Every structure is written in structure tokens, then in C-alpha cells.
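# Overview (structure and organization)
One letter stands for each residue in the lines below.
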Amino acid sequence: MVSSPALQPIEIPTWLGECLATPLPTTGPLEEKALIRAAFEFAHQHHREKEQKRASGEEYIVHPIAVATLLHSLGAGPEMLAAGLLHDIVEDTQASLEDLEQQFGPGVRSLVEGVTKLSKFNFSSKTERQAENFRRMFLAMAQDIRVIVVKLADRLHNMRTLEHLGEDKRRRIARETREIFAPLANRLGIGQFKWELEDLAFKYLEPEQYRQIQELVVEKRSDRQLYLDQAVLTFRQRLGEAGVAIADISGRPKHLYSIYQKMQRQHKEFGDIYDLSAIRIILDTDRERDCYTVLAVVHDSFKPIPGRFKDYIALPKPNCYQSLHTVVIGESGYPLEVQIRTLEMHQVAEYGIAAHWKYKESGGSNKPGGDDEKFTWLRQLLEWQSDLKDAQEYLDTVKGGLFDEDVYVFTPKGDVVSLTRGSTGVDFAYRIHTEVGNHCAGVRINGRMVPLNTQLKNGDIVQVITQKNSHPSLDWLDFVSTEAARSRIRQWYKKSCREENINRGREILEGELGKNGFETLRKSPRLLAVAERCNYQSVDDLLAALGYGEVTLGLVVNRLRDAARPESSALEMPRPMRETGEVWRPKSPILGVEGLVYHLAGCCNPLPGEEIIGVVTLGNRGISIHRQSCENLHSIPGDRLLPVTWNDHDTNRGRPLTYPVNVQVSAIDRVGILKDVLARLADSSINVRNVNLTFNEELVSIDLCIEVKDRDQVERAFAQVRKLQDVLSVRRVCREA
Ligand code: MN
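Residues numbered from 1 in each chain as written. Predicted model: local features only at pLDDT ≥ 70, side-chain atom pairs only at ≥ 80, totals over all residues. Heavy atoms only, no water.

## Topic: the overall build of the protein
Within the protein, the regular secondary structure consists of 28 helices and 24 strands. Scored against the burial criterion, the 737 residues of the protein give a buried share of 51%. By sequence separation, contacts in the protein at least 24 residues apart represent 65% of the contacts at least 6 residues apart. Summed over its atoms, the accessible surface of the protein is roughly 35,300 Å², and 48% of this surface lies on carbon and sulfur atoms. (Helix = DSSP H or I, 4+ residues; strand = E, 2+ residues; numbered from the N terminus. Buried < 20%, exposed > 50% of the residue type's maximum accessible area, 1.4 Å probe, protein only. Contact = heavy atoms within 4.5 Å. Areas by Shrake-Rupley, 256 points an atom, 1.4 Å probe, with all protein chains shown as cover.)

## Notes on the packing of helix α10 (residues 191-205) against helix α13 (residues 256-266)
The packing of two helices is summarised by the inter-axis angle and the distance between the axes. Running from N to C, α10 and α13 point in directions that differ by 65°, and their axes come no closer than 8 Å. Taken as axis vectors, α10 and α13 run roughly perpendicular relative to one another. Contacts between α10 and α13 pair W195, E198, D199 and F202 from the former with L256, Y257, S258 and Y260 from the latter. Of the residues assigned to the contact of α10 with α13, the class counts are 5 nonpolar, 1 polar and 2 charged. (Axes fitted to C-alpha atoms, helices over the stretch in contact; angles between N-to-C directions. Parallel < 35°, antiparallel > 145°, perpendicular 65-115°, else oblique. Nonpolar A, V, L, I, M, F, W, Y, C, P; charged D, E, K, R; others polar.)

## Section: the sheet that holds strand β11 (residues 440-445)
Pairing is antiparallel across the open sheet formed by 3 strands, whose spatial order is β12-β11-β13. Lying at the two open borders of the sheet, with one neighbouring strand each, are β12 (448-450) and β13 (462-466). Averaged over all neighbouring strand pairs, the angle between strand axes comes to 40°, with direction disregarded. In the sheet, β11 pairs with β12 via 3 bridges, with the strands oriented antiparallel. Pairing of V443 across the sheet is with V450, part of β12. Here helix α19 (residues 425-432) sits on the sheet in contact with β11 and β13, set at roughly 80° to β13. (Pairing = 2+ DSSP bridges.)

## Notes on helix α15 (residues 343-351)
For α15, a buried count of 7 out of 9 residues is recorded, marking the element as mostly surrounded by other parts of the structure. Of all the positions in α15, only M345, H346, Q347, V348, A349, E350 and Y351 are classed as buried.

Here's what the structure looks like:
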């Protein structure tokens with residue numbers, strides 16, 4: 001106990017008490033427990049000098065201690081614990097970031113700095129889409145993911161003590177928690193934080209429903225407990241006979257918010273909800289297949305409900321969560337959910353990315369500020385992921401948020417816009433609207449006029465000044481960073497100066513071929529063939545493109561030479577570039593490849609509406625268009641990647657009517673499963689080109705090649721197939737390139 005004559009004594013948790021008993025070195029850097037002790041004393045002193053109190057009336061230091069204790073429960077290292085103790089110091093007291101760096105090193109400083117920065121944002125979002133942008137901005141701004149974890153702990157303690165605030169503030173904070181913080185905790189896989197944040201937000205946002213469910217849970221508790229105890233006993237016996245080592249088996253009430261969500265989803269009344277509890281079986285082994293042995297015992301003890309089995313071991317959730325879930329009919333005749341997992345899977349489910357700290361850093365070998373503490377978990381995560389196919393999505397979100405080259409800025413109204421790093425006010429203007437970009441006359445960043453080529457930083461508030469008679473300048477092409485801005489500036493020039501551009505293109509070509517040569521060529525079909533080969537629809541389009549520099553003279557001349565050679569295939573309809581790909585000639589449905597030959601990659605089959613990227617192929621086979629999530633991109637060096645997007649305005653001109661897509665359906669093998677899957681696809685008017693079945697014990701993997709119009713059609717069809725009984729998962733697959 002630390003006490004002062006004027007104040008109430010403060011409760012010191014055991015872990016902190018141990019640190020406080022550690023002597024402080026007289027010289028040299030602070031490490032481990034000494035670092036934590038010094039951080040505590042610093043925070044205590046500074047908050048006390050300000051005579052700061054929590055809304056509860058307690059001494060302020062109670063809050064940093066609680067935050068650090070939450071972090072300690074996740075197995076955080078000394079830097080994070082120190083940052084937890086110091087996180088409100090800069091915001092609330094006289095101490096500066098420089099003071100922190102001097103006393104505790106650059107690592108602690110940057111964590112506190114990150115948390116302080118994030119605290120400045122007001123996340124009162126308007127739409128689901130904006131909420132996602134906020135979450136991404138959060139990830140991007142934090143850079144070091146530990147900042148987010150500290151912030152989550154901060155929020156969790158604030159939610160636990162929310163009752164001391166006024167109604168308006170409570171609702172605002174609770175909504176923010178539901179929209180931003182709980183999903184972030186989920187994304188990082190920290191189940192412990194996620195559930196509690198959700199339940200607390202529920203309590204303040206829908207107090208009436210919260211109370212009803214809480215009462216319901218209490219009311220049925222004794223009956224339910226009896227029935228759970230019986231089931232646990234049965235499982236214990238049966239598993240003992242089977243010789244499986246069990247670390248823990250227990251019944252637990254489900255989280256109130258998850259019960260509420262289920263009622264909403266299934267339109268059920270309170271009385272209709274029976275499975276208020278679940279049994280969790282944690283195996284004392286790291287062998288996955290023992291989980292399936294346990295599953296067999298469970299299904300042998302009680303009757304399973306068909307269609308409710310979920311194999312998150314073979315197909316982990318995007319945040320790495322693994323478990324087997326099944327629902328059986330218990331002795332009372334009511335459904336009972338059973339979750340089966342190994343100890344390691346349990347750690348990941350509870351602590352997410354922090355599970356790694358638990359394993360590796362309890363020994364505490366990290367130097368303050370060292371690369372180690374910051375990135376080992378990430379490397380570990382990547383290693384886990386590399387053998388999990390379906391985890392790509394998780395990587396895209398977490399890693400994307402951390403390393404991806406995005407910058408997040410605000411509109412004057414407070415909406416978040418994400419742009420590629422290096423973007424300028426002009427990129428921002430074109431993102432708002434093409435016409436805003438085309439009439440952009442100036443840009444204000446954080447209220448100050450800046451040159452148009454000023455690069456935007458995270459958190460900037462950007463305002464575009466438009467004028468009716470302003471128009472794009474070709475110089476803008478030198479500094480804009482987004483492909484959308486680039487192509488729209490070109491488009492404007494294309495449209496506004498078309499005659500001029502055609503004339504200039506003609507002059508350029510005449511200069512090369514002579515006037516007569518050009519006229520002869522113009523009358524032959526050769527020039528049109530060349531235009532089409534370069535993805536233009538007409539000779540004028542080609543000349544205009546040549547005129548303002550979208551294609552080079554060299555390229556046109558080369559194509560003409562190719563076309564002149566009798567053995568050349570350039571004049572024929574282009575052949576598929578490879579067996580699985582297709583060549584397109586029409587005017588670009590894809591932006592960013594103007595003047596280039598390109599094809600859709602056969603490995604990942606990109607569809608309109610999906611995020612795509614171009615790869616410059618080796619061996620002169622043009623640009624290959626992949627989905628951004630294509631697994632084969634990992635081995636491609638960055639300098640061969642080309643930013644491309646679907647042309648939203650090119651509705652259907654020259655596009656193929658359907659696209660091939662490779663799909664894998666994983667299901668429990670039963671009579672008629674293939675027929676059911678095919679019937680669902682046929683119902684969605686989807687043609688199936690190819691089917692291949694692979695059997696693995698009770699499971700069947702159905703690999704299909706289907707033909708679809710666009711992403712929406714795929715998603716609708718997937719939803720239909722997922723509804724089928726015994727279907728475990730439906731997903732797009734990437735073939736190896
Ligand atoms: Mn705080």
C-alpha cells in the first residue's frame with residue numbers, strides 16, 4: 001500500500017507490488033521491474049500534483065494502474081506496462097514527451113505518444129463504412145500495434161467505470177466502443193477484451209434489453225447449472241475412458257450481447273432462447289487431431305444437431321481463432337453448444353496477438369525500444385498465417401493497416417478519406433468528385449492555404465477550393481499519387497482537347513512516316529488493328545492518345561512493324577495469353593493499363609468490383625491483372641507491380657459477359673451434397689464449367705470452376721450455398737501461378 005496523509009490508500013495489485021519492491025539503479029538505463037517502478041512513481045507524482053480525480057472521486061492513479069493491470073493480464077512486456085502507467089501523463093499533466101524519453105527511453109515515449117495522439121480523435125461516425133475507415137486510420141496511425149492494445153485497455157477500464165459519467169457522455173463513449181474498439185479487439189483476436197467491451201456497450205446503449213437478458217440469465221441459472229454440471233460430468237467420464245488429457249472442462253454463461261444479437265438475428269423472444277450457456281473443453285495437448293477425437297466422444301454421448309458443426313480448426317477465422325463448435329441435444333432436451341480446442345488455441349482465442357507475449361516474453365528478454373518486443377509477435381503471426389490458407393483476409397486487414405501505404409485525412413465535415421501515401425490535395429479533390437478535381441483551384445490543409453503539390457499527412461483536415469473556370473493542368477501529373485486522379489486528369493485532356501490531340505498525334509505519325517506514308521496507312525486496316533491491339537476503339541482514339549502522350553511513338557511504330565510481318569499474329573484476333581487467361585482488346589474496362597496489353601490472371605480470377613493490381617509479366621506477355629489478395633503476389637517484387645482499378649464508368653462495353661472463378665466448397669460428405677450445391681448454383685443462374693471432388697474421411701472438398709458476371713453474383717451464390725446443410729465453408733481459391 002502506498003499512502004499519503006491527505007489521500008485514501010491505493011490498492012496495489014501483486015504484480016505491481018513486486019516491481020515497487022525492486023531497487024532503482026543509480027546509473028544506467030532502467031530495465032524490467034525497475035522501469036515499471038520508476039514509471040509508476042513518475043505517474044503517481046504527476047497526477048497527484050495536478051490533484052486530478054477520476055469521475056468516481058478516486059485518486060487518478062487508480063486508472064493507470066487498472067490499465068497496466070489489464071495489459072499485465074495479456075502478458076505485456078515492461079515497455080507496455082510502463083506506457084500503461086504513463087498513458088495519460090502528457091495529456092493531463094505538465095510532463096512532456098521529452099521528459100518521458102529522457103527518463104524511460106524512446107520506446108516508452110513512442111507508445112505514450114501514440115496513445116495520446118489517438119485520444120485526440122472524435123470517433124462519432126455516421127455510417128458503417130466510415131466506422132471501418134476510422135478503424136483503419138486507427139491501425140495506420142498507431143504504426144506499432146502495442147499502441148492499440150494500450151488504447152484498448154484504457155477504453156476497457158473507462159467502460160468499466162462509465163456509470164460515473166453523465167448520460168450523454170456515456171452513450172457517446174459506448175457507441176464509439178461498439179463501433180470502433182470492440183471490432184478492433186476482435187480484429188486483433190483479443191476475445192477477452194472484445195466480449196467485455198461489447199457487453200458494457202450493450203449495457204449503456206440498450207439498457208432495457210440488457211436488463212431483461214440479464215434477469216433471464218439469472219432466473220434460469222440454477223436449472224441450467226444443474227444441467228450443465230451433469231453434461232460436464234458425462235463428458236469428463238467418457239473422455240477419461242477414451243484416455244484424452246483434459247486441461248479444463250466447464251460450462252459458462254454466454255455473453256449477454258451475443259445472446260441479444262442472436263435474438264435479433266433469429267427474431268426470437270426471450271423465452272425462446274435456451275442455449276444461454278456453452279461447454280468448453282480445453283485439451284491438455286497441442287495435437288489438433290485429439291480435438292476430433294473429443295468431438296467423436298461428444299457426438300457419441302449426445303445427439304448432435306445437423307448443420308451446426310463448425311470446424312474452425314481446419315478453417316480458422318480471419319483473426320486466427322481456432323476451435324471445433326458443435327451443438328448437441330442435452331439430457332434436458334435443450335440444445336447445448338460445445339466448444340473444443342487445445343490450450344494453445346485457447347490462448348489465441350483469449351489473447352489474440354498478445355498470446356505471443358504470454359509465451360515468449362514472460363521471461364522478459366526484450367530491451368526497451370528494441371525491435372524485438374515490437375515485431376516478434378508480428379513475425380510469429382505471419383508464420384502462423386503462412387500455413388493457414390483462409391487467413392489471408394486477416395493479414396490484409398492487420399498488416400494492411402500497419403504497413404500499407406495509406407494516409408487517412410478528414411473532409412471539413414469530419415468524414416475520413418483514405419488515399420495512398422504521398423497523395424496531395426489534388427488526389428483528395430478527385431476522390432471527392434471528378435468535377436471537384438477538374439475545378440480545383442486551391443487547397444487548404446488544417447485551415448492554411450498550401451501549394452497543390454503538398455503531401456497530405458494522417459489526420460489532416462483538407463478543404464478544396466473550386467472555381468468555375470479552373471481546369472486541370474498537365475503539371476499535376478508530376479505530383480498526383482492516386483491512379484484515379486492521374487487517369488481523370490488525362491481523361492479531361494482527352495475530352496477537352498480531343499481535336500487538338502488527334503491533330504498532334506497525326507503530325508507525330510506523319511513526321512515518322514511522311515505524309516503519303518501516313519495517308520496510305522490510314523486507308524489500310526492496319527492502323528485500326530494496331531489501335532485495337534493497344535486497347536483503343538478507333539484510329540482517332542489512338543492518334544489522340546499519341547497526341548497527349550498516353551502511348552509513345554515507339555510503341556505505335558513497333559506495333560506497325562509487327563503488323564507488317566506476314567508471319568506475325570498481331571493482326572489476328574489475339575490468342576489467349578495463357579491457357580487460363582483471356583486477352584482483352586476493348587477500350588479499357590481497366591484503368592492504369594492504357595496503351596498496354598493485359599490479361600486477367602487465371603490463378604485468382606479477378607472480378608469487376610474487386611481490388612486489383614497489375615503485374616508486369618516477364619517474357620513480354622504484357623500486364624497480368626490479379627486480385628490484390630492473390631497469394632501468388634507475395635513472390636512478386638514491388639517494382640513489377642502496377643496500380644490498376646476497374647473502370648467504374650465503363651459499364652459493359654467490350655467486356656466479357658462472364659468470368660471464370662475457382663471455388664472450393666468444403667462439406668460433410670453425404671448422399672446428394674454435390675447435387676444440392678449444383679442446384680443452388682443453377683438457381684443463381686451460374687454456369688458450372690468443371691467439377692472435381694476430393695474425399696477426406698467424412699469430408700468432401702468440391703472444387704468448381706464457375707462462370708459469373710460480377711462479384712455481387714458470386715457473393716449471392718456463396719450465401720445460398722453456405723445455407724445448405726452440411727456445408728462447412730465456401731471460398732474462392734487461388735491456383736499456383
Ligand atoms: Mn486513460
